[in-house]
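# Coordinates in review
For reference, the chains in residue letters:
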Amino acid sequence: MGLPALEFSDCYLDSPQFRERLKSHEMELEKTNKFIKELIKDGKALIQALKNLSTAKRKFAESLNEFKFQCIGDAETDDEICIAKSLQEFAGVLQNLEDERTRMIENATDVLILPLERFRKEQIAAAKEAKKKYDKETEKYCTVLEKHLSLSAKKKEAHLHEADNQVDLVRQHFYEVSLEYVFKVQEVQERKMFEFVEPLLAFLQGLFTYYHHGYELAKDFNHFKTDLTISIQNTRNRFGSTRSEVECLMKKMKENPHEHKSISTHTMQGYLFVQEKRSFVSTWVKYYCSYHREPKRMTLMLFDQKSGGKIGDEESFTLKSCIRRKTDSIEKRFCFDIEAVDRPGVITMQALSEEDRRLWMEAMDGREPVYTLNRDSQNEAMAQLDVVGFNVVKKFIYAVETRGIGEQGLYRIVGVNSRVQKLLGLAMDPKTCADVELDSTEWEIKTITSAIKYYLRMLPAPLMTYQYQRSFIKAAKLDNPEARVEEIHSIVHRLPEKNRQMLELLMKHLAKVASHHQQNLMTVANLGVVFGPTLLRPQEETVAAIMDIKFQNIVVEILIENHERIFKDMPVSGGGQGNSQLNLPRRRSADSKAPSCSERPLTLFHTPTFSEKDKVEKRNSVVVNSSADSVNCNSTHNWTRLNSLPTGDGDHDGLQLAKQNQPNSLQNPKVRSSMSTSTPPRKARALYACKAEHDSELSFIAGTIFDNVHPSREPGWLEGTLDGKTGLIPENYVEFV
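Along every chain, residues carry numbers that run from 1 in the direction the sequence is written. Local features in this predicted model are restricted to residues whose pLDDT is 70 or higher, and side-chain atom pairs enter the listing and the counts only when it is 80 or higher, whereas totals over whole chains, interfaces and linings include all residues. The side-chain figures draw on all heavy atoms in the structure; neither hydrogens nor water molecules are used.

## Focus: the overall build of the chain
A count of helical and extended segments in the chain gives 24 helices and 11 strands. For the chain, the share of sequence-separated contacts (at least 6 apart) that also reach a separation of at least 24 residues comes to 67%. Element-wise, carbon and sulfur atoms account for 54% of the exposed surface of the chain, whose accessible area totals about 42400 Å². Helical segments are the DSSP runs of H or I of at least four residues, strand segments are the runs of E of at least two, and each set is numbered from the N terminus. Residue contacts are counted whenever heavy atoms from the two residues lie within 4.5 Å of one another. Surface accessibility in these figures is a Shrake-Rupley result with a 1.4 Å probe; residues are shielded only by whichever protein chains are displayed.

So this is what it looks like as structure tokens:
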């Protein structure tokens, strides 16, 4: 049953039946509107799905086109050639088909989506606007009519006539709007029969064109398909006979492997494990080795069977000798040592079995062992301040600063030890360093930071050297903060060049880390706690050294906070010694307690040998002379100045600094030649009581007299004799008599 026709004459009657018929038209328009809206949505989804399908098929076609068949042997049959090019043919057909699909998709929006949206917006939306206007005029007309009819008949004739005219105008306008609305509703109902269906027909025509194009492609492809089917069948038939032959040969190889050995120009070849000394550990690396007896040439190729790929380049050398390794001289079995003419050192190799080792030994004319093992593997495994070390540290620092400088607990949280050692070993191995990708998530930031600390700990000596370790500690103990900076500034510039460069690199980095302390929570103090024991580790682990850790931390804090001044500017003349008052060791009042362990010497007292005494006396000698320019040996201050000089491994630094603090008479060669070169025995009186904390120290009470008092090798301490026992005395606890 169709929609009833809307007569224009019914607009004047505006009967309930007219209103009911008009409502049925309005409901149909709303239904059509919703349907078109949903159809547009589904159409867009279909177009997107077609695009995705086209993209996937194009990717599939690209994969087919890129793959190239590789047949066994140096020539191919016609069938193999046909099969080999089949993937490119398949790709061509798919690409051609997708080109047509792309054209269809591009037209689909123009022929389907846009016309439907235009019909919905221009026609149905216009009918909705006409309905709103019609409803508004209906309400206005009814209101005016009700008001007019409520007028009293007693009103003046002129007033009533005016009211009648007004009602007639409103009624006439209502009838006009009603007619226009009825016209628009029926127009839209008729338009949808063609404007709605025509876009759908155009879209289907595009689909038919696409499928017809596929049909034409299939017809053109039919010839190649026939040839390919025949080639596949021929190849399958040949495979059956070939497989049976290969299987038969395989069985013969299983039964008699030695009778079917491949002929090779090599005298001996196979896998061997080679011992390699890496940065911190010895590792066994698997190589495929080939040996030619005639030129005595050994070739090694780094190869991992598990991954099935070549890892490194070939390495070859000329064999000098081959010696079997005794079982009790190494933990590994089946080992032998070889020496090369053009490669230093002994190369230890491990065969796969005892029989394998015997064959290698025979091929290389091996001998029984005669050993004199004197290797220092520990030193070989030590890290060094060389180009490799600098490059590794720079690489690690760059990774930390770019990836995780804001990570909480930076340098405080440690990484897994095995991962740390693996990273450092790979990074410092020339064969694998280039493959270490620190940007990868494989290496956590805590692993990288731990590797930096581990490298610094593995140096043969601490970065700030054993020689100046006590000097740095003593500088940190100065009362005046500025004096501490000046003294540390001076000592830093006495470090070896490489040590100072590495220290500068590290401090600059730690300053950047500290500048992000709000994110990583690593303040300068926290970094001092982490790096102090590493950079200033003592030569001997004693209680005194442990108590000095807090001063090690202070030194690192000063270096971080003042790194630009310390490393860029040269220290002032005198090496930080110019203000002797600022550089005096910390004194104690008369009622103070015995010195803490942090002020104890680092090493235990021992009586030096003759050569050691001579060196000490030369370094610490104070000349006594009756002239006005002679040194006043009764002055404790002079002892303090002399003992505050650094005592390094070499005498040059100590003597040079002592010369700077001596009076002119001591620097005059003529005067110096007439002076004594050793300190006469002196006596000293204890100002305060002191209890020994080590066997090397003396215990005493205030007023005790010491004999044979002279400077100690430890800064801030004297050596003296009490009741026949010689030991160490705190310098600031006594005065000379």
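## Focus: unusual backbone geometry
Even without being a glycine, Tyr 411 presents a positive backbone phi close to 75°. When you line up the elements, Tyr 411 lands in the loop between helix H9 (387–403) and helix H10 (417–428). To sort residues, take the accessible area from a 1.4 Å probe on protein chains only and compare it with the maximum for the residue type: under 20% means buried, over 50% means exposed, and anything in between is partly exposed. Residue classification places Tyr 411 among the buried residues on the basis of a relative accessible area of 1%. We note that Thr 465 has phi near 65°; this positive angle belongs to a residue other than glycine. Within the secondary structure, Thr 465 is located in the loop between helix H11 (445–457) and helix H12 (469–476).

## Structural notes on the packing of helix H14 (residues 497–515) against helix H16 (residues 524–535)
At a minimum axis separation of 10 Å, H14 and H16 run at an interaxial angle of 155°. By the angle between their directions, the pair H14 and H16 is classed as roughly antiparallel. Where H14 crosses over H16, the two elements pack in a sense that is right-handed. Between H14 and H16, the residues in contact are Leu 503, Leu 506, Met 507, Leu 510, Val 513 and Ala 514 and Val 524, Leu 527, Phe 531 and Leu 535, respectively. When grouped by side-chain class, the residues that make up the contact of H14 with H16 number 10 nonpolar, no polar and no charged. Interaxial angles span 0 to 180 degrees and are taken between N-to-C directions of axes, which are lines fitted to C-alpha atoms, for helices over the stretch in contact. Between 65 and 115 degrees an angle is taken as roughly perpendicular, under 35 as roughly parallel, over 145 as roughly antiparallel, and anywhere else as oblique. If you view the pair so one helix is near and one far, a crossing is left-handed when the near helix is turned anticlockwise from the far one by less than a right angle, and right-handed when it is turned clockwise. The classification used treats Ala, Val, Leu, Ile, Met, Phe, Trp, Tyr, Cys and Pro as nonpolar, Asp, Glu, Lys and Arg as charged, and all other residues, Gly among them, as polar.

## Considering the pairing of strand E3 (residues 297–304)
Paired strands, in this sense, are two strands between which DSSP finds at least two bridges. Pairing analysis gives six bridges linking strand E2 (residues 282–292) to E3, with the strands arranged antiparallel. The residue of E3 that forms the bridge with Cys 289 is Leu 300. Following E2, the chain reverses through four residues before pairing antiparallel with E3; Lys 296 in that reversal takes a positive phi of roughly 55°.

## Points about the environment of Leu 505
Its place among the elements puts Leu 505 in helix H14. Sequence-wise, Leu 505 and Lys 394 are 111 residues apart; in three dimensions their C-alpha atoms are separated by 8.0 Å. Leu 505 has contacts with Val 393, Lys 394 and Ile 397, leaving out every residue within four places of it along the chain.

## Description of the confidence of the model for the chain
pLDDT is a residue-level measure of predictor confidence that goes from 0 to 100. Scored by pLDDT, the chain has a mean of 78; 79% of the residues are at 70 or more. No element of the chain has a lower mean pLDDT than helix H21 (residues 636–643), at 34, and none a higher one than H14, at 94. Across residues 371–381 the pLDDT falls below 50, and counting only partners more than four positions away or on other chains, this stretch makes 16 contacts in the model.

## A short note on H9
Here a helix's expected span is defined as the number of its residues, less one, multiplied by 1.5 Å. For H9, with 17 residues, the first-to-last C-alpha span of 24 Å sits near the 24 Å given by 1.5 Å per residue. Along H9, the positions that sit buried rather than exposed are Gly 389, Phe 390, Val 392, Val 393, Phe 396, Ile 397, Ala 399 and Val 400. Next to the buried residues of H9 lie H10, H11 and H14.

## Section: the sheet that holds strand E11 (residues 734–736)
Spatially, the five strands line up as an open sheet ordered E10-E9-E8-E7-E11, and their pairing is antiparallel. With partners counted over all chains shown, the strands left at the sheet margins are strand E10 (725–730) and E11, one partner each. On average, each strand axis in the sheet is tilted by 40° relative to the strand beside it, whichever way the strands run. Sheet topology note: the strand E7 (residues 684–686)/strand E8 (residues 705–711) ladder contains two bridges and is antiparallel. Residue pairing across strands places Arg 685 opposite Ile 705, the latter belonging to E8.

## Focus on the nonpolar core
One finds Phe 396, Tyr 411, Tyr 455, Phe 472, Leu 503, Leu 535 and Leu 559 to be the most contacted residues of the largest nonpolar core, which totals 63 residues. Residues within four places of Tyr 411 in sequence aside, it is in contact with Val 400, Thr 449, Ile 452, Lys 453, His 509, Leu 510, Val 513, Leu 527, Val 530 and Phe 531. Buried residues of nine kinds, namely Ala, Val, Leu, Ile, Met, Phe, Trp, Tyr and Cys, make up a nonpolar core once their side-chain atoms join them within 4.5 Å. Counting 35 residues, the second largest nonpolar core, distinct from the first, contains Leu 6, Ile 113, Phe 174 and Phe 203.

## Digging into the pairing of E8
Note that E8 and strand E9 (residues 717–722) share three bridges and pair antiparallel. Paired with His 710 across the strands is Glu 719, a residue of E9. What sits between E8 and E9 in their antiparallel hairpin is a turn of five residues, with Gly 716 showing a positive phi close to 85°.

## Some remarks on the packing of helix H13 (residues 481–492) against helix H18 (residues 549–561)
Remark: H13 packs on H18, axes separated minimally by 10 Å, with the N-to-C direction vectors making an angle of 85°. Between H13 and H18, the crossing angle belongs to the class labelled roughly perpendicular. Here Arg 484, Val 485, Ile 488 and Val 492 of H13 lie close against H18, whose contacting residues are Val 555, Ile 558 and Leu 559. Residue composition of the contact of H13 with H18, grouped by class: six nonpolar, no polar and one charged.

## Regarding the packing of aromatic side chains
Side-chain rings of Phe, Tyr and Trp (the six-membered ring for Trp) are treated as a pair once their centres are within 6.5 Å; stacked means planes under 30 degrees apart, edge-to-face means over 60, and tilted covers the remaining angles. Taken as a whole and judged by the stated rule, the model has 13 aromatic pairs. Seen in terms of ring centroids, Tyr 134 and Tyr 181 are 5.2 Å apart; in terms of plane orientation they differ by 20°. Their pairing is stacked. Taken together, the positions of Tyr 134 in helix H4 (residues 86–149) and Tyr 181 in helix H5 (residues 157–195) put the pair 47 residues apart, joining distant regions of the chain. When the centroid spacing of 5.6 Å and the interplanar angle of 55° are considered together, the rings of Phe 221 and Phe 224 count as tilted. With Phe 221 and Phe 224 both in helix H6 (residues 197–255), this residue pair falls three residues apart, about one helical turn. For Phe 221, a relative accessible area of 18% translates into the label buried. Residue Phe 224 is classed as buried on the basis of its relative accessible area, which comes to 12%. Three or more aromatic residues link up through ring pairs in this structure, and these residues are Tyr 12, Tyr 134, Tyr 141, Phe 174, Tyr 175 and Tyr 181. As a reminder, the over-ring test applies to NZ of lysine and CZ of arginine, requiring each to be within 6 Å of the ring centre and within 35 degrees of the ring normal. Lying over the aromatic face of Tyr 271, Lys 286 brings its terminal NZ or CZ to 4.9 Å of the ring centre.

## A short note on the pattern of salt bridges
Each reported salt bridge corresponds to a side-chain nitrogen of Lys or Arg within 4 Å of a carboxyl oxygen of Asp or Glu. Going through the model one piece at a time under the given rule, you end up with 28 salt bridges. Here Glu 117 ties to Lys 44 by a salt bridge, and the two come within 3.3 Å at their closest N and O atoms. Of this pair, Glu 117 sits in helix H4 while Lys 44 sits in helix H2 (residues 16–66); the two residues are 73 residues apart in sequence, bridging distant segments of the chain. Among the ionic pairs, Glu 355 bridges to Arg 358, the shortest N-O distance being 2.3 Å. Of the two residues, Glu 355 and Arg 358 both sit in helix H7 (residues 354–363), three residues apart, roughly one turn of that helix. Arg 358 gets classed as partly exposed once you look at its relative accessible area, which sits at 35%.

## Remarks on H10
When the terminal C-alpha atoms of H10 are compared, their 16 Å separation across 12 residues agrees well with the 16 Å that a helix rising 1.5 Å per residue should span. For H10, the full list of buried residues reads Val 420, Leu 423, Leu 424, Gly 425, Ala 427 and Met 428.

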